[in-house]
Amino acid sequence: MASRYHEVYDGWKRDPVGFWAEAAKAIDWFTPFDSVFDAKAGVYGRWFSGASCNTCFNAVDRHVAGGRADQIALIHDSAITGTVRKYTYAELKREVVALTSVLKNRGIKKGDRVIIYMPMVAEAAIAMLACARIGAVHSVVFGGFASHELATRIDDARPKLIISASCGLEPGRIVAYKPLLDKAIEMSRHKPEACLVLQRDQLRCELRDNYDIDYADAVARERAAGANVDCVPVLATDPLYIIYTSGTTGQPKGIVRDNGGHMVALKWTMENEFGVKPGEVFWAASDVGWVVGHSYIVYAPLLHGCTTVLFEGKPVGTPDAGTYWRVIAEHGIVALFTAPTAFRAIKGQDPRGEFIPKYDLSKFRTLFLAGERADPETIKWAEQKLNVPVIDHWWQTETGSPMTINPAGLGLLPVKYGSPGVPMPGFDIRVLDDAGHEVPRGTLGNVVVKLPLPAGCLPTLWNADDRFRQAYLDEFPGFYKTADAGMMDDDGYLFVMARTDDIINVAGHRLSTGAMEEVLSAHPDVAECAVIGIADQMKGQVPLGFVVLNAGVARDTGAIESEVVALVRERIGPVAALKTVVTIKRLPKTRSGKILRGTMQKIADKEQWAMPATIDDPAILDEITAALKGRGIGL
Ligand code: COA
Ligand code: AMP
């Protein structure tokens, strides 16, 4: 089939308002919008101003009313516990309504914030939908973050309630959530009024009187009482959720997502970008704590009337490298979305793909990869072993859905290995030099998006319009800065090469080296430090820390390094994956005092590097090389 991509993209460029007005017809609005786009509202304009709607209504209720009541909406497949639980749309609605009633009885109302700190259980998705139903703003915090990170988010979002669980399950390890939660509340200045805690059989926890509420008991009471709570109308421009993502400091950025634009954008992507039809089974193998989980485990598939899969497990080790194929076959999945690192992990354990023919993958049509750079070797391996198109696509927490993809629904364009595809409607992507001038095709530069950002993207940061402007809009006036470096080729395909800030991408998880440096420097023996991301065969990148100790510290450096590693795990969480810290005498700096992190990274990654002209003392780089060599890193 010839691709309709150019026709559709050009159509959007000619008439953006007409494009979004047409896309908005796929959503049920309680009252229509005054304007598709109000350029005067918000920081750079707002989508679907004046409309009222409800995201839970569109994701659940309208499917129950519209003939999908008995279709499976949500499958919780836990490869860790070996259990599968399915909810039809009608059952999902019952669960969501019961939980909404619990929230309502606790005094939660439109605009209140609720933090959801949960493992990959169905109740995490139910909690998100219950918040949406009542107009409360949820903020899901990834379970791999520890107390300090959770406390930071509690202080910024100021939730009335936290919904959590007794434990999460990692391979070979039960993660006790309750102590992490209690400690976070102890550390935070803002104190939520209560916690709703789901007791899991693998590890139950103590519930404090008059503060912790048993999730199952509370929901069962509402269910037995036949509670009913209708969807609360909210404005299209009201916030649906806040998701925190790494910034350049330890203070994470609260990305705001609205209701109306978000629904319109996600619904459009399911059919046109992912090529999936209502009623089909879609699986995003991510975590609800990440944006991929928000958009493509919960909201997009449900808005589209699909069956979605919430998977608790890993691509390998739960129990083996055939798990993904088992899930695809068992649930009749047509499209899988995951991060390249998952495929590198599978390929590492089953390089010949011997698990694949053991399963019936006849319904499986397309594999989508995003979250980090997809190396062509991994794409080719997956294409060859699975015999389906493998689509790399590029986006960010901020955008909520792909900025570039090879659109399966519009008809695939020729694949170019190493490129995450072409810009989607709404995204006018340009590449600029540091002075803000557009560079010729094929030239590396700053990847930016011409304002306004389309429906579905962040309108601002939570309670921080100025920080939003400063972080994203000020550097290149008239454009949104993605903080990715890349280039566009002559055919309009984008190539994304690296971040221009200190964010690194570890196993598809976005982490700030700046935030890690704040933790390293909190160790009492550390005078100065630097954290860089170095190449890793499976995870893409991993962090590597350098510390310079205070003068006169005579302790064993190995012990200090272990303490620093433990401190990062304690303050940020295991997901930071900092395993190596190297003690050095001095950090390489420019004459103006800037740490030469880029050169250190090149040394560690055995890349070609040139002596920076501005270096203060070139001998330091020899010291770094020797210190890394002692750890088996670099040359
Ligand atoms: N709760 C608690 N701890 C968690 C966690 C969670 N939700 N998620 C990860 N962790 C822990 C892991 O157990 C690990 O701890 P360890 O240091 O004790 O081993 C640590 O955080 C690092 O996790 P991760 O980087 O995921 O490494 P891993 O070795 O456990 O798994 C992969 C590697 C490739 C199998 C895994 O990253 C994966 O499945 N990736 C799929 C892609 C993905 O989900 N991307 C997200 C965005 S799309
Ligand atoms: P996150 O906000 O966690 O989704 O991370 C977004 C960042 O991940 C982007 O800014 C990129 O740096 C990187 N990224 C995401 N998808 C891709 C991709 N397909 N290719 C290269 N980098 C990607």
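Please read these numbers as outputs of a predicted model, since none were measured by experiment.

Reading the values: rules and limits
- Residues numbered from 1 in each chain as written.
- Chains lettered and ligands numbered in written order.
- Predicted model: local features only at pLDDT ≥ 70, side-chain atom pairs only at ≥ 80, totals over all residues.
- Heavy atoms only, no water.
- Helix = DSSP H or I, 4+ residues; strand = E, 2+ residues; numbered from the N terminus.
- Expected span 1.5 Å × (residues − 1).
- Buried < 20%, exposed > 50% of the residue type's maximum accessible area, 1.4 Å probe, protein only.
- Near = heavy atom within 4 Å.
- Polar contact = N/O pair within 3.5 Å; in protein donor to acceptor, adjacent residues only side chain to side chain.
- Areas by Shrake-Rupley, 256 points an atom, 1.4 Å probe, with all protein chains shown as cover.
- Pairing = 2+ DSSP bridges.
- Axes fitted to C-alpha atoms, helices over the stretch in contact; angles between N-to-C directions.
- Contact = heavy atoms within 4.5 Å.
- Domains from an automatic or database assignment.
- Buried area = accessible area lost by both parts, 1.4 Å probe.
- Salt bridge = Lys/Arg side-chain N within 4 Å of Asp/Glu carboxyl O.

### Topic: helix α4 (residues 89-105)
Next up, step 1: With 17 residues, α4 ought to run about 24 Å at 1.5 Å a step, and its terminal C-alpha atoms sit 24 Å apart, in line with that.
Next up, step 2: Most of α4 sits inside the fold, with 12 of its 17 residues counted as buried.
Next up, step 3: When we look at burial in α4, the residues that qualify are Tyr89, Ala90, Leu92, Glu95, Val96, Val97, Ala98, Leu99, Thr100, Ser101, Val102 and Leu103.
Next up, step 4: The first or second residue beyond α4 is Gly107, which carries a positive phi of 85°.

### Quick word on the site of ligand 2
Next up, step 1: In the neighbourhood of ligand 2, 15 residues make up the surrounding shell, with His393, Thr397, Asp484, Arg499 and Arg510 lying closest.
Next up, step 2: Separating an oxygen atom of ligand 2 from a side-chain N or O atom of Thr397 is a distance of 2.5 Å.
Next up, step 3: Between ligand 2 and Arg499, the relevant distance is 2.7 Å, taken from an oxygen atom to a side-chain nitrogen or oxygen of the residue.
Next up, step 4: For ligand 2, whose free accessible area comes to 490 Å², the fraction covered by protein is 93%.

### So, the sheet that holds strand β20 (residues 390-392)
Next up, step 1: Strand order in this open sheet of seven strands is β5-β4-β17-β16-β18-β19-β20, and the pairing throughout is mixed. The sheet terminates laterally at β5 (83-88) and β20, the two strands that pair on one side only. Within this sheet the neighbouring strands show an average axis-to-axis angle of 20°, counted without direction.
Next up, step 2: In terms of strand pairing, strand β19 (residues 366-369) meets β20 through three bridges, oriented parallel. Within β20, the residue paired with Leu369 across the bridge is Asp392.
Next up, step 3: The strands touched by helix α10 (residues 291-303) are β4 (72-78), β16 (281-284), β17 (307-312) and β18 (333-338); relative to β17, the strand with the most contacts, the crossing angle is about 150°.
Next up, step 4: Sheet strands in contact with helix α13 (residues 376-386) are β19 and β20, and its direction is about 155° off that of β20.

### Digging into the domain arrangement of the protein
Next up, step 1: When its domains are assigned, the protein resolves into domain 1 (5-313 + 393-486) and domain 2 (510-629).
Next up, step 2: The centre of domain 1, based on its C-alpha atoms, is set 34 Å off from the matching centre of domain 2.
Next up, step 3: At the junction of the two partners, domain 1 supplies 19 residues and domain 2 supplies 13 residues.
Next up, step 4: Counting each side, the surface lost to burial between domain 1 and domain 2 is near 1200 Å², with a carbon and sulfur contribution of 48%.
Next up, step 5: Counting across the domain 1 and domain 2 interface gives two salt bridges.
Next up, step 6: Note that Arg510 and Glu398 form a salt bridge whose closest N and O atoms lie 2.9 Å from each other.
Next up, step 7: The interface formed by domain 1 and domain 2 includes four residue pairs in polar contact (both at pLDDT 80 or more).

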